[in-house]
Amino acid sequence: MNEDRIQGKWKQLKGSIQEKWGKLTNDDLDVAEGNTKYLAGKIQERYGMAKDEAEKAVDEYNRSL
């Protein structure tokens, strides 16, 4: 799923994202509003991942949609 489609379906995806990455807050997701780079940055911050690892996790999630 590309980033435009993710932004369009953001409200529906927020629950799924929060299930996968429970450390993300509603505020994190509200600010992200479908921005996958921001989302990866927040995942990196909350989970202590390397940048490339967080981006890969978000990319894998996007492909699973």
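Residues numbered from 1 in each chain as written. Predicted model: local features only at pLDDT ≥ 70, side-chain atom pairs only at ≥ 80, totals over all residues. Heavy atoms only, no water.

Right, let's get into the overall build of the protein. The secondary structure content of the protein amounts to five helices and zero strands. Relative to the compact-globule value of 11 Å for 65 residues, the protein shows a C-alpha radius of gyration of 11 Å, a close match. Structurally, the protein occupies a C-alpha span of about 30 × 20 × 15 Å along its principal axes. Taking the intrachain contacts of the protein between residues at least 6 apart in sequence as the baseline, contacts between residues at least 24 apart amount to 38%. With the model as given, the accessible surface of the protein reaches about 4,200 Å², and the carbon-plus-sulfur share is 43%. Across the protein, the centroid of the 12 positively charged side chains sits 2 Å from that of the 13 negatively charged ones. (Helix = DSSP H or I, 4+ residues; strand = E, 2+ residues; numbered from the N terminus. Rg over C-alpha atoms; globule rule 2.2 N^0.38 Å. Contact = heavy atoms within 4.5 Å. Areas by Shrake-Rupley, 256 points an atom, 1.4 Å probe, with all protein chains shown as cover. Lys, Arg positive; Asp, Glu negative; His and termini not counted. Charge placed at Lys NZ, Arg CZ, Asp CG, Glu CD.)

Let us look at the nonpolar core. Of all hydrophobic cores here, the largest spans 15 residues; its most connected members are W10, I17, W21, L24, L29, L39 and I43. Considering each element in turn, this core owes the most residues, four residues, to helix α5 (residues 51–64). Not counting residues up to four positions away in its chain, the partners in contact with I17 are W10, L24, L29, L39 and Y61. (Core = buried A, V, L, I, M, F, W, Y, C linked by side-chain atoms within 4.5 Å. Buried < 20%, exposed > 50% of the residue type's maximum accessible area, 1.4 Å probe, protein only.)

All told, the structure shown has one aromatic pair when counted by the stated rule. Between the NZ or CZ atom of K20 and the centre of the ring of W21, over which it lies, the distance is 5.4 Å. (Phe/Tyr/Trp six-rings, centres within 6.5 Å; stacked < 30°, edge-to-face > 60°. Lys NZ or Arg CZ within 6 Å of the ring centre and 35° of its normal.)

Here we take up helix α2 (residues 10–20). Those residues of α2 lying buried are W10, L13, K14 and I17. Buried residues of α2, viewed axially, fall in a sector of 125°; they line one side. Opposite the packed face of α2, turned more than 90 degrees from it, sit the exposed residues Q12 and E19. Tucked into the core, α2 has its buried residues touching α1 (3–8), α3 (26–32), α4 (36–47) and α5. (Arc of directions from axis to C-beta.)

Evaluation of the coordinates by the stated rule reveals one cavity of 30 Å³ or more. Empty space within the largest cavity amounts to approximately 30 Å³. Lining the largest cavity are I6, W10, L13, I17, T36, L39, V58, Y61, N62 and L65. At the level of elements, α2, α4 and α5 are the ones that each hand at least two residues to the lining of the largest cavity. Residue composition of the lining of the largest cavity, grouped by class: eight nonpolar, two polar and no charged. (1 Å grid on protein atoms, 1.4 Å probe; cavity = no way out; pocket = protein on both sides within 12 Å on 5 of 7 lines; lining within 4 Å. Points joined across faces, edges and corners; volume = space filled by probe spheres on them. Nonpolar A, V, L, I, M, F, W, Y, C, P; charged D, E, K, R; others polar.)

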